[in-house]
Every structure is written in structure tokens, then in C-alpha cells.
Amino acid sequence: MGRGHAVRAPALILVLSLLAPSTGEAAYRFGDGVYLGSASLLPDWAETLQRARDQHPILDACVADAERCEGYLRGIPVLLQRARPLSRERQLQLINRYINKRRYRGDRTLEITSALSEETVRLPSRWSTLLEFLRRGGDCEDYATSKYQLLRALGIPAHDLRVVVVFDRASRDHHAVLAVRQDDDGAAWLLDSDDRIYRGQPFGYRFIYALNETSIWDHEVDGDTVFPVTQPQEQPEDSS
Amino acid sequence: MNKLCMTCATALLLAAGGAFADDASTVRTHVLEVKQRLAHLERIDVTAEKPVSSDAEQLDEELLAILDDVALIENQPAAAESR
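This one's a predicted model, so the numbers in the text were calculated from it and none came from an experiment.

(A) Expanded view of the pairing of strand E9 (residues 215-218) of chain A. Residue and element names in this part refer to chain A. What you see with E9 is no split at all: Ser 215 and Trp 217 on one side and Ile 216 and Asp 218 on the other are buried throughout. As judged from the four bridges shared by strand E1 (residues 34-38) and E9, these two strands associate in the antiparallel manner. Residue Ser 38 lies in a different strand from E9, and its bridge partner there is Ser 215. Two elements, strand E8 (residues 205-211) and E9, share three bridges in a ladder whose sense is antiparallel. Residue Leu 211 lies in a different strand from E9, and its bridge partner there is Ile 216. Adjacent in sequence and paired antiparallel, E8 and E9 are bridged by three residues.

(B) Quick peek at the nonpolar core. Residues and elements named next belong to chain A. Of all hydrophobic cores here, the largest spans 58 residues; its most connected members are Val 164, Val 177, Leu 178, Ala 179 and Val 180. With seven residues, helix H6 (residues 140-153) is the single largest residue contributor to this core. Ignoring sequence-local partners within four residues, the contact set of Leu 178 consists of Ala 144, Lys 147, Tyr 148, Leu 161, Val 163, Leu 190 and Leu 191.

(C) Seen up close, helix H4 (residues 88-100) of chain A. Relative to the 18 Å expected for 13 residues at 1.5 Å per residue, H4(A) spans 18 Å between its end C-alpha atoms, a close match to the ideal helical length. With 10 of its 13 residues buried, H4(A) lies for the most part within the structure. Within H4(A), the full set of buried residues consists of A:Gln91, A:Leu92, A:Gln93, A:Leu94, A:Ile95, A:Asn96, A:Arg97, A:Tyr98, A:Ile99 and A:Asn100. Buried residues along H4(A) sit against helix H3 (76-83), H6, strand E5 (173-181), strand E6 (188-191) and strand E7 (197-198) of chain A together with helix H2 (61-75) of chain B.

(D) Focus on unusual backbone geometry. All names here are of chain A. If you check the backbone angles, Arg 172 has positive phi at about 55° while not being a glycine. Along the chain, the position of Arg 172 falls in the loop between strand E4 (161-168) and E5. Assessed through the 8 C-beta atoms surrounding it within 10 Å, Arg 172 is described here as exposed. The phi dihedral of Asp 195 falls on the positive side, at around 80°, and the residue is not glycine. On the basis of neighbour count, Asp 195 is assigned to the buried category, with 21 C-beta atoms found within 10 Å.

(E) Spotlight on the packing of H4(A) against H2(B). One can describe the packing of H4(A) onto H2(B) by two numbers: an axis separation of 10 Å at closest approach and a directional angle of 40°. Judged by the inter-axis angle, H4(A) sits oblique to H2(B). The two elements H4(A) and H2(B) cross, and the hand of that crossing is right-handed. Of H2(B), the residues touching H4(A) (which contributes A:Arg90, A:Gln93, A:Leu94, A:Arg97 and A:Tyr98) are B:Leu63, B:Ile66, B:Leu67 and B:Val70. In terms of residue class, the contact of H4(A) with H2(B) is built from six nonpolar, one polar and two charged.

Cut-off values and rules
- Residues numbered from 1 in each chain as written.
- Chains lettered and ligands numbered in written order.
- Predicted model: local features only at pLDDT ≥ 70, side-chain atom pairs only at ≥ 80, totals over all residues.
- Buried ≥ 20, exposed ≤ 12 C-beta atoms within 10 Å, placed from the backbone.
- Helix = DSSP H or I, 4+ residues; strand = E, 2+ residues; numbered from the N terminus.
- Pairing = 2+ DSSP bridges.
- Core = buried A, V, L, I, M, F, W, Y, C linked by C-beta atoms within 7 Å.
- Contact = placed C-beta atoms within 7 Å.
- Expected span 1.5 Å × (residues − 1).
- Axes fitted to C-alpha atoms, helices over the stretch in contact; angles between N-to-C directions.
- Parallel < 35°, antiparallel > 145°, perpendicular 65-115°, else oblique.
- Left-handed = near helix turned anticlockwise from the far one by under 90°.
- Nonpolar A, V, L, I, M, F, W, Y, C, P; charged D, E, K, R; others polar.

None of this, on its own, says anything about what the molecule does.
Set out below in C-alpha cells:
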């Protein structure tokens, strides 16, 4: 890549971002995103993943022995035990509805005003782990990450799951849903916090980016020309 | 002969250095683009609240029973707490 191209690349990103809305009516597919890099590149998400790993022993102990569950976790052993024999479709229906019944709490956005410029900066809310969400509720991305963690606990591998951040054309707001891969071609179902499960039909979302515990994908830019980064081969993993 | 070898070696090193410098600047450019994009993505405020949709599919009785049982357990005082 020459220096002239390097200078033009940021402008190209902007142009591609502006052109991207035309892709929004397609169904979500796992193969469509452009690999941006490791999940560790988004610090807030990486910290959330680390907290989830730190909290895993609490969840494991609770599932192994319901007497050791803290109050807000008491239903989890029964939920997982009853969900395990179900088909994947019914697991998705059950987990989607279970998490959607929890309390919405959207009060974690911070507004910080600079003393020098008097400019107010609105910082995005923080991602929650499953345990944090069950304890105190959360907003839409926390619903998606909690479904992600419960489906992982049911044995669905990470490479079949993505939290997808979208722009909802109807509400003119950013939203998060959980995508679950359905077949080897990358077709996905989307679990939404309004209890719907989208099975490939158009629904007015424009996909922006997606992430899971290993990677981040961009759905707005053309990575073949802008981000010449090669996605590592997905390895078979322990699904437990 | 030795001088000629030294001159050739020096020329090769300079050429290789130049090639590596060019590669390094290219890589830096890509990393910066990804970082800018990630910084933009991380600033997106994802807080939409969606009410339950009237289009949502009905769950069958087995799934509803599981949810009821789980809710019952969650709403009961824990054995340890009630002691």
C-alpha cells in the first residue's frame, strides 16, 4: 500500500460508512462481518469478559449445588437443568424469554462536562456480565450478553454466538441483539429484547458491529480494502 | 576484493533497511485505522429499551412451565436466608 493510499484510507472509511445503510434490510449472516481484531481491542468489552471469567466459579458452584446459590442466582440451576435436554431452537426460545423478563435499567450512561470547554460528553454505558445483570438489571446490550453467557453454559460454542450492535431505523436508536448461527452457511437467528426471534426476515436494523469472547467484526465498512487484517482460523473449542 | 564485499554488504543492508521501514509505516497505517474505527465503535451508546412485541411468538406449555418453576424458586426465600 502506497503512502497516497494510506492518506486516502480514512476518507474511504467515512464514505463507506455513509453508503452502508443500504445493507440493512438483509438478514444477519456470520460470514458478512469484516474481522477487525481480537476482543481485547475494545477495553470495556475485554474487562467485562475478564469479570465474567472471574465470576465463573460463583456460577459453577451454584449450578453444582443449589444450596450455595446467592439469592439472585437461585433459579439458574433449575433453568439450565431443564434447558439442557431441549433442542437448540427451544433453548433459544427459553433463554430469550427468561432474560427478557428481567428488569430494564438504563441509568448507567455518564454525562461529563469539561470545565474548560463546557462541552458535555456522553459516555456509553458499561457492559454487564450475566451475574451483574441478574443482580441489578441492565439495558439492551446486557440482555444480549446475558443470553450469550447462558447459551454458552448450555454448550453452544462461542463461534456460533455474537452480540450484534445495530441501528434501529424505527426508534432511531442503537440497540443490541444476540445472533446465533444456525447452519454452516452462516445463517443466523437474532434474539431480541422485545421477545421476538428473527429467523432471517428483514426487520429494519442496520448492523454496525458484532463481538464475542474472541473477536470483533465490523458490518459497516469494506474490510477487503480498508482493513487488510486476516482473521485467524476458528479452532474447535471446548463447548462447556 | 574485501572492499568490494563490504560495499556490497553495506548496500544490501541499506536496501533491506529501506524495505523494512516502508513495511513498518504501512503496518502502522493499518493499525491506526483499526484503532480509529474501534474508538468510534466504543463511543456508540447502546441503550435502547424495547417493550414486548405483540408479534412475539407464544411459548408452548413446557417452556412456560419451566419459566414458572424458575420464577417460583427465585421468589421463594432461600433456605439459608430463612434460617
